[in-house]
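# Tertiary structure, described
What follows is each chain in one-letter form.
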Amino acid sequence: MKIFLAGATGVIGRRLTPLLIAAGHAVSGSSRSADKARMLKEQGAQAVVVDVFEAKALRDAVAAVRPDVVIHQLTDLPQVLDPARRGEALIRNARLRIEGAANLVAAAQAAGARRLIAQSIAFIYADGPEPHAESDPLAPAEGDDLNAVTARGVRALEDATLHTPGLDGIVLRYGRLYGPGTWLEAPSGRAPLHVDAAAQAALLAVTRGGPGIYNIAEDDGAVLIDKARRELGFDPAFRLK
Ligand SMILES: NC(=O)c1ccc[n+]([C@@H]2O[C@H](COP(=O)([O-])OP(=O)(O)OC[C@H]3O[C@@H](n4cnc5c(N)ncnc54)[C@H](OP(=O)(O)O)[C@@H]3O)[C@@H](O)[C@H]2O)c1
């Protein structure tokens, strides 16, 4: 299949690109930077230099690829976790989830893509009994606290993914990433997820699973992952060789 991978140079995208290519897909990966785009070419992907906040340029770029599937692996987070700058990072990231995702979904629809797979998070459920199923409510989105800012971003991203006519939307609610290139070397906090297993879940979602939401994390009792195991064949123990 032809795949447009937005965020191909990110921590998940870098591992997902070779997995997609090895599975026989033709990958066009995006970055804002020509330097990073070169890395994509070295991986065997077509490189597309575009900023998702530039709606017209993005629309043209996705239309030129004519993808069957569009994958959203966009975040706007620092390479090194700095607690002092956490607030501004979460505000930027929420903007990307609201405006960037809207632009990407519109571009995917206009280009005639059939399926859209989007990266969300599994650690924004409202307080309540665990493990959380995908149908559990999310944290309140009203107010100015950072959790509400993140919840607004997540709702906008997930709504656009799930409710766009013509597109089968799949939301992957990833747990807290750890492993090579991430902030954490080892699992930390509830619902951890190795970056390799995160990438594999997106590969599986290209050809498997009905539209809807899937928790993608390790089975530590925080979130239910039965649906992802059953419908996608998700394996939290997956690691790249
Ligand atoms: N669930 C989780 O726990 C989770 C999820 C994601 C990330 N993280 C943490 O955050 C850290 C940083 O993440 P990351 O390495 O993936 O980097 P990142 O800086 O968040 O970027 C991710 C991807 O989004 C792209 N991107 C961002 N803004 C864009 C825009 N306006 N237009 C087009 N593309 C845009 C980046 O492309 P370019 O920069 O190449 O343009 C890159 O491909 C990770 O190491 C990880 O620890 C955690």
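Preceding block: the structure.
Starting afresh in each chain, residues are numbered from 1 along the sequence in its written order. Only residues with pLDDT of 70 or above have their local features reported here, since the model is predicted, and side-chain atom pairs are shown and tallied only from 80 upward, although totals for entire chains, interfaces and linings are computed over all residues. Values reported for side chains reflect all heavy atoms of the structure, with hydrogen atoms and water molecules removed beforehand.

### Re the pattern of salt bridges
Basic side-chain nitrogens of Lys or Arg form a salt bridge, by our definition, when they fall within 4 Å of a carboxyl oxygen of Asp or Glu. Within the structure shown, the criterion is met by twelve salt bridges. For the salt bridge of Arg95 with Glu99, the shortest nitrogen-to-oxygen distance reads 3.2 Å. Placement of the pair is Arg95 and Glu99 together in helix H4 (residues 86–110), with a separation of four residues, close to one helical turn. Assessed through its relative accessible area of 41%, Arg95 is described here as partly exposed. A salt bridge links Arg173 to Glu158, with the shortest nitrogen-to-oxygen separation between them at 2.7 Å. Here the residue Arg173 occupies a position in strand S6 (residues 168–174), and Glu158 occupies one in helix H5 (residues 146–162), the gap between them amounting to 15 residues. Given the relative accessible area of 3%, Arg173 is considered buried. Counting from the N terminus, the helices are DSSP H or I runs at least four residues long and the strands are E runs at least two residues long. Note on classification: 1.4 Å probe, protein chains only; a residue is buried when its accessible area is under 20% of the maximum for its type, exposed when over 50%, partly exposed between these limits.

### Points about the site of the ligand
Any residue with at least one heavy atom within 4 Å of a molecule or strand is counted as near it. Around the ligand, the surrounding shell holds 28 residues, and the nearest of these are Thr9, Ser31, Arg32, Thr75 and Trp183. Polar contacts, as used here, are pairs of N or O atoms within 3.5 Å; protein pairs need one atom able to donate a hydrogen and one able to accept it. Residues neighboring in sequence count only if both atoms are side-chain atoms. Residue Gly10 places a main-chain N or O atom 3.0 Å away from an oxygen atom belonging to the ligand. At 3.0 Å from an oxygen atom of the ligand is found a main-chain nitrogen or oxygen belonging to Leu77. Summarising the interface, the protein chains cover 94% of the accessible area of the ligand, which totals 890 Å² for the free molecule. Each residue gets one of three labels, nonpolar for Ala, Val, Leu, Ile, Met, Phe, Trp, Tyr, Cys and Pro, charged for Asp, Glu, Lys and Arg, and polar for the others, Gly among them. For the shell around the ligand, the residue count by class is twelve nonpolar, eleven polar and five charged. The Shrake-Rupley method, run with a 1.4 Å probe, gives the accessible areas here. Residue values count only the displayed protein chains as cover.

### Looking at unusual backbone geometry
With an omega dihedral of 0°, the bond running from Glu130 to Pro131 counts as a cis peptide bond. Take Pro131: it is sitting in the loop between strand S5 (115–121) and H5. A positive phi angle, close to 50°, is found at Arg66, a residue other than glycine. On the secondary structure map, Arg66 appears in the loop between helix H3 (55–65) and strand S4 (69–72). The exposed category is assigned to Arg66, whose relative accessible area is 56%.

### Focus: the packing of helix H1 (residues 13–22) against helix H6 (residues 195–207)
Relative orientation and spacing of two packed helices are given, respectively, by the angle between their axes and the distance between those axes. Their axes nearest at 9 Å, the elements H1 and H6 cross at an angle of 40°. In terms of orientation, H1 and H6 fall into the oblique class. Where H1 crosses over H6, the handedness of that crossing is right-handed. Across from Arg15, Leu16, Leu19 and Leu20 in H1, the residues of H6 making contact are Val195, Asp196, Ala199, Gln200, Ala202, Leu203 and Val206. Classifying every residue of the contact of H1 with H6 gives eight nonpolar, one polar and two charged. Angles here are taken between N-to-C directions and fall from 0 to 180 degrees, while the axes themselves are lines fitted to C-alpha atoms, restricted in helices to the stretch in contact. For classification purposes, an angle smaller than 35 degrees is called roughly parallel, one larger than 145 roughly antiparallel, one from 65 to 115 roughly perpendicular, and anything else oblique. Whether a crossing is left-handed or right-handed is set by the direction in which the near helix is turned from the far one by less than a right angle, anticlockwise for left-handed and clockwise for right-handed. Residue contacts are defined here by distance: any two heavy atoms, one from each residue, within 4.5 Å place the two residues in contact.

Note that every value here comes from positions in space, so none of it alone points to a role or purpose.
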